[in-house]
Amino acid sequence: MLHALYLLGIAAFATSGVLAAHRANMDPFGGFVLAFAAAISGGTLRDLILDRHPLYWTHDWLLLVLIASVAATTMLYLRRRQTLPHRALMVVDAIGLAVVTVIGARAAIDAHVTPVAVLILAVLTGVTGEVIRDVLCGEFPPLLLREEVYATAALAGAASYLGLHWAGTPDTVNIAVSAGLVFALRMAAVFRDLHLPRLQRVAG
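Residues numbered from 1 in each chain as written. Predicted model: local features only at pLDDT ≥ 70, side-chain atom pairs only at ≥ 80, totals over all residues. Heavy atoms only, no water.

1. Let's talk about the packing of helix H5 (residues 115–136) against helix H6 (residues 151–167)
Okay, step 1: Contact geometry for H5 and H6: axes closest at 9 Å, N-to-C directions at 135°. It follows from the interaxial angle that H5 and H6 lie oblique. Relative to H6, the crossing made by H5 is right-handed. Residue-level inspection shows Pro115, Val118, Leu119, Ala122, Val123 and Val127 of H5 in contact with H6, the latter providing Ala151, Ala154, Leu155, Ala158, Ala159, Leu162 and Trp166.
Okay, step 2: By residue class, the composition of the contact of H5 with H6 is 13 nonpolar, no polar and no charged. (Axes fitted to C-alpha atoms, helices over the stretch in contact; angles between N-to-C directions. Helix = DSSP H or I, 4+ residues; strand = E, 2+ residues; numbered from the N terminus. Parallel < 35°, antiparallel > 145°, perpendicular 65-115°, else oblique. Left-handed = near helix turned anticlockwise from the far one by under 90°. Contact = heavy atoms within 4.5 Å. Nonpolar A, V, L, I, M, F, W, Y, C, P; charged D, E, K, R; others polar.)

2. Quick word on helix H1 (residues 2–23)
Okay, step 1: Look at H1: 31 Å from first C-alpha to last across 22 residues, which is about the 32 Å you get at 1.5 Å a residue.
Okay, step 2: Backbone geometry just after H1 places Asn25 at a positive phi near 60°. (Expected span 1.5 Å × (residues − 1).)

3. Quick word on the side chain of Ser16
Okay, step 1: With respect to the secondary-structure elements, Ser16 resides in helix H1.
Okay, step 2: Ser16 gets classed as buried once you look at its relative accessible area, which sits at 0%.
Okay, step 3: Not counting chain neighbours up to four residues away, the residues in contact with Ser16 comprise Ala38, Leu89, Val92, Asp93 and Arg133. (Buried < 20%, exposed > 50% of the residue type's maximum accessible area, 1.4 Å probe, protein only.)

4. A short note on a nonpolar patch on the surface
Okay, step 1: Where nonpolar side chains cluster on the molecular surface, the patch consists of Met26, Phe29, Val33, Ile132 and Leu136 and spans about 430 Å² of accessible area.
Okay, step 2: At the level of secondary structure, the elements contributing two or more residues to the nonpolar patch comprise helix H2 (28–49) and H5.
Okay, step 3: By the element assignment, Met26 lies in the loop between H1 and H2.
Okay, step 4: By relative accessible area, Met26 is classed as partly exposed at 31%. (Patch = residues over 30% accessible without salt bridge, like charges linked within 9 Å, V, L, I, M, F, W, Y side chains within 5 Å. Areas by Shrake-Rupley, 256 points an atom, 1.4 Å probe, with all protein chains shown as cover. Salt bridge = Lys/Arg side-chain N within 4 Å of Asp/Glu carboxyl O.)

Okay, here's the thing in structure tokens:
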């Protein structure tokens, strides 16, 4: 189950990269660059912090072929349709965020790091690809640093996974509940226009 969800999360982030490139009027090369950046950046940062070598994607042909195939298919779809589906980028991005955050939490737990480090690594795994994607698209500040419920959704999911792991519940339940929580929070923010409060300048 975990491996299937892992591939789903990677595919979702690859799709979100292409959708972002389409919105930014990039060429096909830009679409591939953003697909790979969105899909593998979070896991790469996690593995570098955990000193895990070789990096997971450097010896996984299936993963690289999946990203390239998803990117090409998405670009062909957009070329035929010519319009970006309403809120499609946020929906597929939420799928990727949900799955990859949980995978990051699982990897951190397996590495026997502290609970706080589990939360940090899970959130970094989930959000790094989005940050790099937005920066490459010229969006400043990235979605993560605006008032959107994004990293907070990932943090809630990571905390849920960690708590359920401590409680000894089956891992399939942990994954389903935690990924579902991240996705539900992100979709509630998107469709109900929920935002975190902005930092306000205090009047002197």
